[in-house]
Amino acid sequence: AITSLYIGVKLFESIILDLKTMYMLSGERCTESQIAVTEFEILKALKWKMNPPTSKAFLQHMLMILPDKIDPFTRNTLFEVSCFQIEQSVCDYYFLKHKPSTIAIASMLNAIEMGVFSTPSCRHSLRNLVEATGLSIYSSDVQQIRCRLAKTLVNSLDNKAYSMESFVQSTVRKLLRKKGNISLLSVARSA
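Computed from a prediction, not measured in an experiment: that's the story for all the values here.

S.K.: Looking at this structure, how should I read unusual backbone geometry?
M.R.: Working note: non-glycine residues mostly have negative phi, and peptide bonds are mostly trans. Positive phi, normally seen in glycine, also occurs at Glu28, with a value near 60°. Locating Glu28 in the fold gives a position in the loop between α2 (19–25) and α3 (32–45). Backbone geometry at Lys47 places phi at a positive 55°, although glycine is not the residue there.

S.K.: Explain the packing of helix α4 (residues 55–65) against helix α6 (residues 100–113) here, please?
M.R.: When two helices pack together, their arrangement is given by the angle between the helix axes and the distance between those axes. Here α4 crosses α6 at 60°, and the two axes come no closer than 8 Å. Here α4 is positioned oblique relative to α6, judged by the angle of their axes. Here the hand of the crossing between α4 and α6 comes out right-handed. On the side of α4, the interface is formed by Ser55, Phe58, Leu59, Met62 and Leu63, while α6 contributes Pro100, Ser101, Ile103, Ala104, Ile105 and Met108. For the contact of α4 with α6, a count of residues per class yields nine nonpolar, two polar and no charged.

Conventions we followed
Residues numbered from 1 in each chain as written. Predicted model: local features only at pLDDT ≥ 70, side-chain atom pairs only at ≥ 80, totals over all residues. Heavy atoms only, no water. Helix = DSSP H or I, 4+ residues; strand = E, 2+ residues; numbered from the N terminus. Axes fitted to C-alpha atoms, helices over the stretch in contact; angles between N-to-C directions. Parallel < 35°, antiparallel > 145°, perpendicular 65-115°, else oblique. Left-handed = near helix turned anticlockwise from the far one by under 90°. Contact = heavy atoms within 4.5 Å. Nonpolar A, V, L, I, M, F, W, Y, C, P; charged D, E, K, R; others polar.

Treat this as a map of the structure, not an account of what it does.
This is the structure in structure tokens:
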């Protein structure tokens, strides 16, 4: 148990606990050596699969792969709207059986389809990204996830008395406030 705590702290906490501290926490029932050996045995049994990539991690990597011609504002908006869908998916058991990469690409496709980032360069870049990663945007899995994400998003917005349009507009406004020197008119012109 103390070794599991030690591993958990290493993975999820910003503080560093050394083996001597863990020895003291165990009430001196386990030696530092026993904790280290047990840690290795646990990691070996789990085949070192301690921190699988999340949908958000895939989304961040996919956005990094997109070419520089997609301006930072569009990239940030795409991230925010996609991320909101991913965060909503965590509350739905349905998504547990699907790959995080598929959820990430489905959320990006939905975000692009909402229209704020529906520029030809963004769509073309996404197509190139999909080809590079081997993900099929037309697979039944991706399409089903897109539908479920959209339903989840609409239900979430209904519960908050938002419309899809107001959600996208509020996201754009929030990003504009962060950027500070851009107006909605210039965003509309660049789209």
